[in-house]
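In case you want the letters, here they are:
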There are 2 protein chains.
Amino acid sequence: MSLFFDRVAIIGIGLLGGSVGLALKARGACGTVVGVGRSRSSIEAGLEVGAIDEAAADLPQAAEGADLVVVCTPVGSVAGIIAEMESSLDENCVVTDVGSTKQSIVVAVEQLRRAASKFVGSHPLAGSEKKGVRHASATLFESATVFLTPTPSAEQGAKDITRRMWEHLGGRTVEVEPAVHDHIVAQTSHLPHVVAAMLVAGLRTLPEDYAGLTGKGFLDTTRIASSDPEMWADICLDNAAEIRHAMARLRNDLDEFDLYLDEGEYEKVLQFFGSMKALRDSLNHEKSDG
Amino acid sequence: MSLFFDRVAIIGIGLLGGSVGLALKARGACGTVVGVGRSRSSIEAGLEVGAIDEAAADLPQAAEGADLVVVCTPVGSVAGIIAEMESSLDENCVVTDVGSTKQSIVVAVEQLRRAASKFVGSHPLAGSEKKGVRHASATLFESATVFLTPTPSAEQGAKDITRRMWEHLGGRTVEVEPAVHDHIVAQTSHLPHVVAAMLVAGLRTLPEDYAGLTGKGFLDTTRIASSDPEMWADICLDNAAEIRHAMARLRNDLDEFDLYLDEGEYEKVLQFFGSMKALRDSLNHEKSDG
């Protein structure tokens, strides 16, 4: 059975929302894409690049007649948006999102009487430090890991359609419990974002003349510090418990390494770098951002 | 006056040493390049890729007749190598290195009676997580920042030649005190290496199945964790005081951020990410590794 949506509603016309629209259209997987953006300029840009075909006046209007809704807004707003659309959703409409945290969103949507069974949380490990629909791409999800966090109340049909939709866009889906998802991404995405910003903060301790004299290693390591501050403040507050846990682990590692340096433990430092090189070398794939 | 060395001795035939040889030869800036490597295989590879023209039996033999010596070995061995070559150095030979730390090397070479006035420490912010002369490149130093750390005992001629040599290879030289150099790179290179390894260490806290499910953000942020463990253990022990200082600053930042998350301080988190994005965005150049 081929995958085709007559009408897709995309809420939030940014890099991810725009890429969902472009990717579905590039694969002939949808009729009309209707968009809701928070600013006139993002809607106009979305129409211009062809990520959406029309703009809806509000959330209920976007929901009307849609057979797929993809919420691509900051994590703190996802559940509220779905609640606002709920009474206008068609009976067979499937609802998903692209939020970088899953536990709080899933728990909140589970409370909604009608939407709970239609909703399957998603998190594609795709993105960029670049923001906005003008950087959207029809190929953004190709080879990207896409976490899916269905709950017992989600209908099997909704789960199947969400999984097939991402796979159709080139993603590799992985089903996982929402809490496990949030634990994983705290280590692999959220802590790295926090730390990258703190490495940039280190430049402030240098004489001004020298702050720009950084090598490619520094630039790569801190590239994600250029990401959207609002998006990341939202994520950090939402997944605070897991991120604090990950930061505590990092502090322990720093304390141990400090002891190695204090005591001139060359062999222990060497062994640490050697083990971490082996582990990093084993990740010999290249994927989209997360 | 054009720059030409009749005979260049390169000690340490790896990525950097090999690239110095290839770059000098590509620009017609030298006659013969003689190399000393720590293994038969690195010497053979160096001859094969054309980074060196001949192999010397030992350090004194490499020094004989050379008008430029470039020491490209781990930082802990640089001063000892120069001491061993000292009595064989020609009167007009200039000696430099490519070590990632400068204070300990400069202080040790300053003690040498003959070599002190011929030596100008260098640190090109160029490299790669890839190791070995087979990854060497004649263009490695193009647009790279090259720190120079001359001391009062260095002759003006040696300083001029070292600076002109790096500029001839495309580098942008910056003169700086050895101690200031070590402070700068602790923040911009050494701490990022330590932290990248610690982010990789976080993968060990995940169920094995999930450790490989990382996005491009994680891969970029931790790319330098694939660097040569011996080289980095050596650097960390050598620059331990400055690195410990940088780690302490990071721990303070982590503590402050932890408080923000504990107290749900959205505005403070947003402001932190916003400031660091602005600072990172201002480094809008792309250079070689450090």
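Residues numbered from 1 in each chain as written. Chains lettered and ligands numbered in written order. Predicted model: local features only at pLDDT ≥ 70, side-chain atom pairs only at ≥ 80, totals over all residues.

### Observations regarding the sheet that holds strand β4 (residues 68-71) of chain B
Residue and element names in this part refer to chain B.
And step 1. Sheet architecture is open: 5 strands sit in the order β3-β2-β1-β4-β5, paired in parallel fashion. The outermost strands of the open sheet, each flanked by one partner alone, are β3 (54-55) and β5 (94-97).
And step 2. Summarising the sheet, β4 and β5 pair through 4 bridges and their orientation is parallel. For valine 71, the partnering residue across the bridge sits in β5 and is aspartate 97.
And step 3. Contacting β1 (5-11), β4 and β5, helix α4 (residues 78-85) crosses the sheet at an angle of about 150° to β4. (Pairing = 2+ DSSP bridges. Helix = DSSP H or I, 4+ residues; strand = E, 2+ residues; numbered from the N terminus. Contact = placed C-beta atoms within 7 Å. Axes fitted to C-alpha atoms, helices over the stretch in contact; angles between N-to-C directions.)

### Focus: the relation of the copies chain B and chain A
And step 1. Mapping chain B onto chain A is achieved by rotating through 180° and translating by 0.0 Å along the same axis, at an RMSD of 0.0 Å. Viewed as a symmetry operation, the transformation between the two copies matches a two-fold axis. Relative to the rotation axis, the C-alpha of threonine 221 of chain B is the closest in chain B, positioned 1.9 Å from it.
And step 2. Most of the interface of chain B is mirrored in chain A, where 100% of its interface residues again form contacts. (Least-squares fit on C-alpha atoms with pLDDT ≥ 70 in both.)

### Regarding the packing of helix α11 (residues 266-281) of chain A against helix α9 (residues 229-238) of chain B
And step 1. For the pair α11 of chain A and α9 of chain B, the least separation of the axes is 9 Å and the interaxial angle reads 140°. Taken together, the axes of α11 of chain A and α9 of chain B lie oblique to each other. Here α11 of chain A runs over α9 of chain B; the crossing is right-handed. For the pair α11 of chain A and α9 of chain B, contact is made by Tyr266, Val269, Leu270, Phe273, Gly274 and Lys277 of chain A and by Pro229, Glu230, Trp232, Ala233, Cys236 and Leu237 of chain B, respectively.
And step 2. Split into classes, the residues belonging to the contact of α11 of chain A with α9 of chain B amount to 9 nonpolar, 1 polar and 2 charged. (Parallel < 35°, antiparallel > 145°, perpendicular 65-115°, else oblique. Left-handed = near helix turned anticlockwise from the far one by under 90°. Nonpolar A, V, L, I, M, F, W, Y, C, P; charged D, E, K, R; others polar.)

### Remarks on the interface of chain B and chain A
Interfaces are often sized by the accessible area lost when the parts come together.
And step 1. Every contact between the two is made by 74 residues of chain B and, on the other side, 74 residues of chain A.
And step 2. Elements represented by at least two residues in the side of chain B that touches chain A include exactly α7 (178-201), α8 (216-221), α9, α10 (240-262) and α11 (266-281) of chain B.
And step 3. Here the side of chain B that touches chain A takes 14 residues from α7 of chain B, the largest share from any one element.
And step 4. Broken down by class, the residue content of the side of chain B that touches chain A amounts to 42 nonpolar, 17 polar and 15 charged.

### Side note on the domain arrangement of chain A
And step 1. For chain A, the assigned domains read domain 1 (5-176) and domain 2 (181-281).
And step 2. Averaged C-alpha coordinates put domain 1 of chain A and domain 2 of chain A at centres separated by 31 Å. (Domains from an automatic or database assignment.)

### A few points about α4 of chain B
All names here are of chain B.
And step 1. Taken as a whole, α4 has its buried residues at Val78, Ala79, Ile81, Ile82 and Met85. Buried positions in α4, seen along its axis, are confined to an arc of 160° and lie on one side of it.
And step 2. In the core, the buried residues of α4 are packed alongside β1, α3 (59-63), β4, β5 and α5 (103-110). (Buried ≥ 20, exposed ≤ 12 C-beta atoms within 10 Å, placed from the backbone. Arc of directions from axis to C-beta.)

### Some thoughts on the pairing of strand β6 (residues 121-124) of chain B
All names here are of chain B.
And step 1. Side chains Gly121 and His123 project from β6 onto one buried face, and the interleaved Ser122 and Pro124 project onto a second face that is buried too.
And step 2. Across 4 bridges, β6 lies against strand β7 (residues 145-149) in antiparallel orientation. The residue of β7 that forms the bridge with proline 124 is valine 146.

### Some words on the environment of alanine 55 of chain A
And step 1. Here alanine 55 of chain A shows up in strand β3 (residues 54-55).
And step 2. Residues in contact with alanine 55 of chain A, not counting those within four places in the same chain, are Gly35, Ile43 and Leu47 of chain A.

### Here we look at the sheet that holds strand β4 (residues 68-71) of chain A
Residues and elements named next belong to chain A.
And step 1. Judged by pairing direction, the sheet is mixed, and its 8 strands sit side by side in the order β3-β2-β1-β4-β5-β6-β7-β8 without closing on themselves. Only two strands of the sheet have a single partner each, and these edge strands are β3 and β8 (172-175).
And step 2. In terms of strand pairing, strand β6 (residues 119-124) meets strand β7 (residues 145-149) through 4 bridges, oriented antiparallel. Following the sheet pairing, serine 122 is matched in β7 by leucine 148.

### Overview of the packing of helix α10 (residues 240-262) of chain A against α10 of chain B
When two helices pack together, their arrangement is given by the angle between the helix axes and by the axis-to-axis distance.
And step 1. α10 of chain B packs onto α10 of chain A with a crossing angle of 160° between their chain directions and a minimal axis gap of 10 Å. The angle between α10 of chain A and α10 of chain B places the two elements in the roughly antiparallel class. For the pair α10 of chain A and α10 of chain B, the crossing hand works out as left-handed. Where α10 of chain A abuts α10 of chain B, its residues Ala240, Ile243, Arg244, Met247, Leu250, Arg251, Leu254, Asp258 and Leu261 of chain A lie against Ala240, Ile243, Arg244, Met247, Leu250, Arg251, Leu254, Asp258 and Leu261 of chain B.

### Quick word on unusual backbone geometry
And step 1. Phi is positive for serine 143 of chain A, which is not a glycine, with a value near 70°.
And step 2. Mapped onto the elements, serine 143 of chain A comes out in the loop between β6 and β7.

### Side note on the nonpolar core
And step 1. One finds Val69 of chain A together with Val69 of chain B to be the most contacted residues of the largest nonpolar core, which totals 202 residues.
And step 2. In contact with valine 69 of chain B, other than residues within four places in its own chain, are Ala9, Ile11, Ala63, Met85, Cys93 and Val95 of chain B. (Core = buried A, V, L, I, M, F, W, Y, C linked by C-beta atoms within 7 Å.)

### Things to note about the pairing of β4 of chain A
Residue and element names in this part refer to chain A.
And step 1. Of the two faces of β4, both are covered, the one formed by Leu68 and Val70 as well as the one formed by Val69 and Val71.
And step 2. Here 4 bridges tie strand β1 (residues 5-11) to β4, and the two strands are oriented parallel to one another. The residue bridging valine 8 from the neighbouring strand is leucine 68, located in β4.
And step 3. This β-α-β element, β4 to helix α4 (residues 78-85) to strand β5 (residues 94-97), shows right-handed connectivity. (Right-handed = clockwise from strand over helix to strand, strands pointing away.)

### Topic: the confidence of the model for chain A
Residue and element names in this part refer to chain A.
And step 1. Scored by pLDDT, chain A comes out at a mean of 94, with 97% of its residues at no less than 70.
And step 2. Here residues 286-290 is a poorly scored stretch, pLDDT under 50, and it has 30 contacts once near neighbours within four places are set aside; other chains count.
And step 3. Our summary of model confidence lists the complex with pTM equal to 0.90 and ipTM equal to 0.90. (pLDDT = per-residue confidence, 0-100.)

### Quick look at helix α7 (residues 178-201) of chain A
Residues and elements named next belong to chain A.
And step 1. End to end, α7 covers 32 Å across 24 residues, agreeing with the expected 34 Å (1.5 Å per residue, within 8%).
And step 2. Along its length, α7 reaches its greatest deviation from straightness, about 55°, at alanine 186.
And step 3. The element α7 is extensively covered by neighbouring structure, given that 22 of its 24 residues are classed as buried. (Expected span 1.5 Å × (residues − 1). Bend = angle between axes of the 7 residues up to and from the residue.)

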